[in-house]
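# Structure assessment
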Number of protein chains: 2
Amino acid sequence: MEDFAAVSGISRPTLSKFFNDPGSVRVSTKKRIEEALEKYDYQPNLYAINQNRRLTKNIGVVVPYLSDPFFAKIARVIEDHILETGYKPVLLGSHGRPELEIENLENLRSIKPAGVLLAPLGRASDRAHIDTFCNDVPSVLFDANIDGIGAPFVGSNNEQSVGIMVDYLCRTGEPPTFFEMKSPTNPNAFKRRHAYIASMEALGHEPNLIQAAGEGWEFEEIGFQEGRRVVRGGKLPTNTILCSNDRLAIGFLSAAFEEGVRVGLEPGCTLRVAGHDDHPFSRYTCPTLTTVSQDYEAIAKRSVETLFERIEGKTTADSREETLFDGRLVMRASA
Amino acid sequence: MEDFAAVSGISRPTLSKFFNDPGSVRVSTKKRIEEALEKYDYQPNLYAINQNRRLTKNIGVVVPYLSDPFFAKIARVIEDHILETGYKPVLLGSHGRPELEIENLENLRSIKPAGVLLAPLGRASDRAHIDTFCNDVPSVLFDANIDGIGAPFVGSNNEQSVGIMVDYLCRTGEPPTFFEMKSPTNPNAFKRRHAYIASMEALGHEPNLIQAAGEGWEFEEIGFQEGRRVVRGGKLPTNTILCSNDRLAIGFLSAAFEEGVRVGLEPGCTLRVAGHDDHPFSRYTCPTLTTVSQDYEAIAKRSVETLFERIEGKTTADSREETLFDGRLVMRASA
DNA sequence: CATAAAACTTTACTCGCGTAAAGAATTAAT
DNA sequence: ATTAATTCTTTACGCGAGTAAAGTTTTATG
């Protein structure tokens, strides 16, 4: 930088200022610097820069599973929003493992990020550890909430999203039976279960739950196995299935197909299946999956905005806000 | 660190040595340090550590699309292998955009990684830029090859993998028609096309190509659109389709289903469809997709090994090796 | 037990930049 | 044009380690 200051004719402190915020120097000098930059292509050393900064311009993004297209999708939108602000997103996946989740957080801590966006694993997460982390580093949770954590939450309004789906299904056919995992890893699953029961009762129907055994994040497989069992047994309370999420539905549809059960609205179909989340693949299932889409864009945008409010200290630490966005019914062929 | 040296009773240079390689100090001192570490939980500053290292212990991993389960899967395996070596993987996705690909590389350069594993976009990639990068930083390409780049390549043997599939299909029914994109982004696509033609000719069959229009990485959609067109038109040379990759096949299957064309081996089916890659979702398509699985594990392992050979300077820069692994036929219901 | 080798401590310098303070130069406002 | 406010330049120090060199202590070897 010293050398670059010499050849560019600009003092080092001014250069330093420029690299921290190009807008903080006079336009004329900004231009001079940029011209010199092209000529000598100097690049400040990332490590030296951050060593003396209390906060870096990095923002951590931690999701449970990077290989889950759902998280890949929302992470991508979040990344874009972070880039817009001039910060640098650092994307980390926890592979469904709680140890890796906290390891990711600790690694992030060591890069002194300005803030962190965390979609926690859920039930398996190390609540206490996450809590202390959120107190140390400006954070906001998204997708999955953890009660009692000192960080704002941005996510979907499961009450509403499940509600409109139950309404729709009841209006257009038999009331749905709820298909879910017995012990879900994800807190949204519990909310959806309750939302289903509440919606059904509000409409005067008796709720029915089918709870698949199985642990972990292999939702398609669990949906497939239990789906096959259920379809074979023929013991469905109604001819309509509402899956707790699309990945379960994808497995279920695969099982139904294999068992020769026709799913959909067309004549000859004996089953309706709906999902939740508008998973990227739900567009290509057979039949295409009727589902409710989370407002990815809004969730991503609001998460980033909320984080920056935190970073800039606009919100006090104790204002634990939750922002929920409504889902949108996506009607396709399966229900 | 100075403070920690004081309280732990170990000199700072020894601590420094320990943090760089815990095995480089006497076991007794190692124990003393670790005990002190638990008591005072000190953590060296990441930025200060790397500032004076010419090479850090980071290894960059760049893939075209993080939201593509295929890349998510192989990236995950690669991450595991890197972690085993004591290095830290830094995963970056290019979202299919060539500018982002080189931006990722430049960002990596600024963290002075020990090496980089790159799965290039392919045709769209900035060849020259990647080449200079590979000359500066120890790199190995995987998945997609770029000719004339000064870095080893590890990938799949498309000749073999397409070959066994064509053999299988010809042996069990009508010879396959090849379904692909007209102008594929990925170099593997070209290899597969040629492998298909060669295999067909070797077996005395006439090759047939169906080439879908469309650009980009929305393979399912392209497979769906073109698949529907083709199925509707009824102008298929044979009753067997071999798709250039599973994502096209997923779209194709969806289109076939929608058009009421039954796919598979069972009586009543009028079409066979096969894919390539053993995409995580190919297990749940309707019908389940017959495909050929790339040897993810071997590719990941060998890529990392090759990179470390480069890093440690065992291989000379001009030895441009290519390692290809055979695929494995995965017989399921669609063909 | 003597000796060599290995591991450690002390001391001191380096890296590349952040940043504070004081003064000089430029720009904006009256 | 004068003054005040910005913006720069100069100078100087700090950050948290890596690392080299010389001297000291511990461990292995015979």
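All values reported here derive from a predicted model rather than from experimental measurement.

For the rest of this paragraph, the subject is the pattern of salt bridges. When charged atoms on two side chains of opposite charge get close, those side chains can pair. Residue and element names in this part refer to chain B. In the structure shown here, the tally under the stated rule is 28 salt bridges over all chains. Linking Glu2 and Arg12 is a salt bridge whose minimum nitrogen-to-oxygen distance equals 3.8 Å. Linking Glu2 in helix H1 (residues 2–8) with Arg12 in helix H2 (residues 12–20), this pair joins segments that are 10 residues apart in sequence. Classification of Arg12 by relative accessible area gives partly exposed; the value is 37%. One salt bridge connects Arg228 with Glu258, and the closest N-O pair in it is separated by 3.5 Å. Taken together, the residues span a long stretch of sequence, with Arg228 in helix H10 (residues 219–233) and Glu258 in helix H11 (residues 246–258) at a distance of 30 residues.

Looking now at the packing of aromatic side chains. Applying the stated criterion across every chain, the model contains 27 aromatic pairs over all chains. Ring centres 5.0 Å apart and planes at 80 degrees place the aromatic pair Phe70 of chain A and Phe71 of chain A in the edge-to-face group. Residues Phe70 of chain A and Phe71 of chain A agree in their burial class; the two are buried. Measuring from ring centre to ring centre gives 4.9 Å for Tyr87 of chain B and Phe308 of chain B, while their planes differ by 70 degrees; the resulting arrangement is edge-to-face. In this pair, Tyr87 of chain B is assigned in the loop between helix H5 (69–84) and strand S2 (88–93) and Phe308 of chain B in helix H12 (residues 296–311), connecting sequence segments 221 residues apart. Each member of the pair, Tyr87 of chain B together with Phe308 of chain B, is buried. Taken together through their ring pairs, the aromatic side chains of Tyr65, Phe70, Phe71, Trp217, Phe219 and Tyr296 of chain A make up a single cluster. The cationic tip of Arg283 of chain A hangs over the ring face of Tyr284 of chain A; the distance from NZ or CZ to the ring centre is 5.2 Å. The ring of Tyr87 of chain B is capped by Lys57 of chain B, whose NZ or CZ atom sits 4.9 Å from the centre of that ring.

Formed by 99 residues in total, the largest nonpolar core has its most connected members in Ile78, Leu117 and Val273 of chain A together with Ile78, Leu117 and Val273 of chain B. Per element, the largest residue contribution to this core is 8 residues, and it comes from helix H12 (residues 296–311) of chain A. Setting aside its immediate chain neighbours within four residues, Val273 of chain B contacts Ile241, Cys243, Ala249, Phe252, Leu253, Val263, Leu289, Thr290, Ser334 and Ala335 of chain B. In terms of nonpolar packing, the next biggest core, distinct from the first, is built from 32 residues, Ile130 and Ile146 of chain A together with Ile130 and Cys134 of chain B among them.

Moving on, we get to the packing of helix H5 (residues 69–84) of chain A against H12 of chain A. Residue and element names in this part refer to chain A. Two numbers describe how H5 lies on H12: the axes approach to 9 Å, and their chain directions differ by 45 degrees. Between H5 and H12, the crossing angle belongs to the class labelled oblique. As for how H5 packs across H12, the hand of that crossing is right-handed. Residues Phe70, Lys73, Ile74, Val77, Ile78, His81 and Ile82 of H5 form the contact with H12, whose participating residues are Tyr296, Glu297, Ile299, Ala300, Lys301 and Val304. Grouping the constituent residues of the contact of H5 with H12 by class yields 9 nonpolar, 1 polar and 3 charged.

Attention now moves to the sheet that holds strand S9 (residues 272–274) of chain A. All names here are of chain A. In spatial order, the strands read S7-S6-S8-S9; together these 4 strands make up an open sheet with parallel pairing. The strands lining the two open edges of the sheet, one partner per strand, are strand S7 (209–212) and S9. Going across the sheet, the axis of each strand differs from the next one's by a mean of 25 degrees, ignoring polarity. Across 4 bridges, the pairing between strand S6 (residues 177–181) and S7 is parallel. Looking at S7, one finds that Phe178 is bridged to Leu209.

Quick look at the protein's contact with DNA strand C now. Taken together, 24 residues are adjacent to DNA strand C, and Ser16 and Tyr42 of chain A together with Ser11, Thr14 and Thr29 of chain B come closest. Here, DNA strand C places atoms within 4 Å of the protein, and 63% of those atoms are sugar or phosphate. In the model, a phosphate oxygen of DNA strand C is placed 2.6 Å from a nitrogen or oxygen of the Thr14 of chain B side chain. For the surface near DNA strand C, the secondary-structure elements that each account for two or more residues are helix H2 (12–20) and helix H4 (46–51) of chain A together with H2 of chain B. In terms of residues, the surface near DNA strand C owes the most to one element, H2 of chain A, which gives 4 residues.

Another aspect to go through is unusual backbone geometry. In this structure, Pro287 of chain A follows Cys286 of chain A across a cis peptide bond, with omega equal to -5 degrees. With phi around 50 degrees, His95 of chain B is a residue other than glycine that occupies positive phi space. Summarising the element assignment, His95 of chain B is placed in the loop between S2 and helix H6 (98–110).

Okay, the domain arrangement of chain A next. How large an interface is tends to be reported as the accessible area lost when its parts come together. Residues and elements named next belong to chain A. Each domain of chain A was delimited in the assignment, giving domain 1 (2–44), domain 2 (58–155 + 296–325) and domain 3 (158–293). Relative placement of domain 2 and domain 3: their C-alpha centres are 29 Å apart. Residue-level contacts link 15 residues of domain 2 with 15 residues of domain 3. A buried area of about 1200 Å², summed over both sides, lies between domain 2 and domain 3, and 51% of it is on carbon and sulfur atoms. Inspection of the domain 2/domain 3 interface yields 2 salt bridges. In this structure, the connection of domain 2 to domain 3 is made through 7 residue pairs in polar contact (both at pLDDT 80 or more). The biggest single contributor to the side of domain 2 that touches domain 3 is H5, with 4 residues. Split by residue class, the side of domain 2 that touches domain 3 holds 8 nonpolar, 3 polar and 4 charged.

Contacts to DNA strand D come from 24 residues, most closely from Ser11, Arg26 and Thr29 of chain A together with Ser16 and Asn45 of chain B. A share of 61% is what sugar and phosphate atoms reach among the atoms of DNA strand D within 4 Å of the protein. Within the side chain of Arg12 of chain A, one N or O atom sits 3.4 Å away from a base nitrogen of DNA strand D. Within the side chain of Thr29 of chain A, one N or O atom sits 2.4 Å away from a phosphate oxygen of DNA strand D. Secondary structure elements with two or more residues in the surface near DNA strand D: H2 of chain A together with H2 and helix H4 (46–51) of chain B. Ranked by the residues each element gives to the surface near DNA strand D, the list is headed by H2 of chain B, at 4 residues.

What follows concerns a negative patch on the surface. Residues and elements named next belong to chain A. On the surface, a cluster of negative charge is contributed by Asp80, Glu84, Asp295, Glu297 and Asp326. With respect to the helices and strands, Glu297 occurs in helix H12. According to the relative accessible area criterion, Glu297 is partly exposed, its value standing at 43%.

Conventions we followed
- Residues numbered from 1 in each chain as written.
- Chains lettered and ligands numbered in written order.
- Predicted model: local features only at pLDDT ≥ 70, side-chain atom pairs only at ≥ 80, totals over all residues.
- Heavy atoms only, no water.
- Salt bridge = Lys/Arg side-chain N within 4 Å of Asp/Glu carboxyl O.
- Helix = DSSP H or I, 4+ residues; strand = E, 2+ residues; numbered from the N terminus.
- Buried < 20%, exposed > 50% of the residue type's maximum accessible area, 1.4 Å probe, protein only.
- Phe/Tyr/Trp six-rings, centres within 6.5 Å; stacked < 30°, edge-to-face > 60°.
- Lys NZ or Arg CZ within 6 Å of the ring centre and 35° of its normal.
- Core = buried A, V, L, I, M, F, W, Y, C linked by side-chain atoms within 4.5 Å.
- Contact = heavy atoms within 4.5 Å.
- Axes fitted to C-alpha atoms, helices over the stretch in contact; angles between N-to-C directions.
- Parallel < 35°, antiparallel > 145°, perpendicular 65-115°, else oblique.
- Left-handed = near helix turned anticlockwise from the far one by under 90°.
- Nonpolar A, V, L, I, M, F, W, Y, C, P; charged D, E, K, R; others polar.
- Pairing = 2+ DSSP bridges.
- Near = heavy atom within 4 Å.
- Polar contact = N/O pair within 3.5 Å; in protein donor to acceptor, adjacent residues only side chain to side chain.
- Domains from an automatic or database assignment.
- Buried area = accessible area lost by both parts, 1.4 Å probe.
- Patch = residues over 30% accessible without salt bridge, like charges linked within 9 Å, V, L, I, M, F, W, Y side chains within 5 Å.
- Areas by Shrake-Rupley, 256 points an atom, 1.4 Å probe, with all protein chains shown as cover.
- Lys, Arg positive; Asp, Glu negative; His and termini not counted.
- Charge placed at Lys NZ, Arg CZ, Asp CG, Glu CD.

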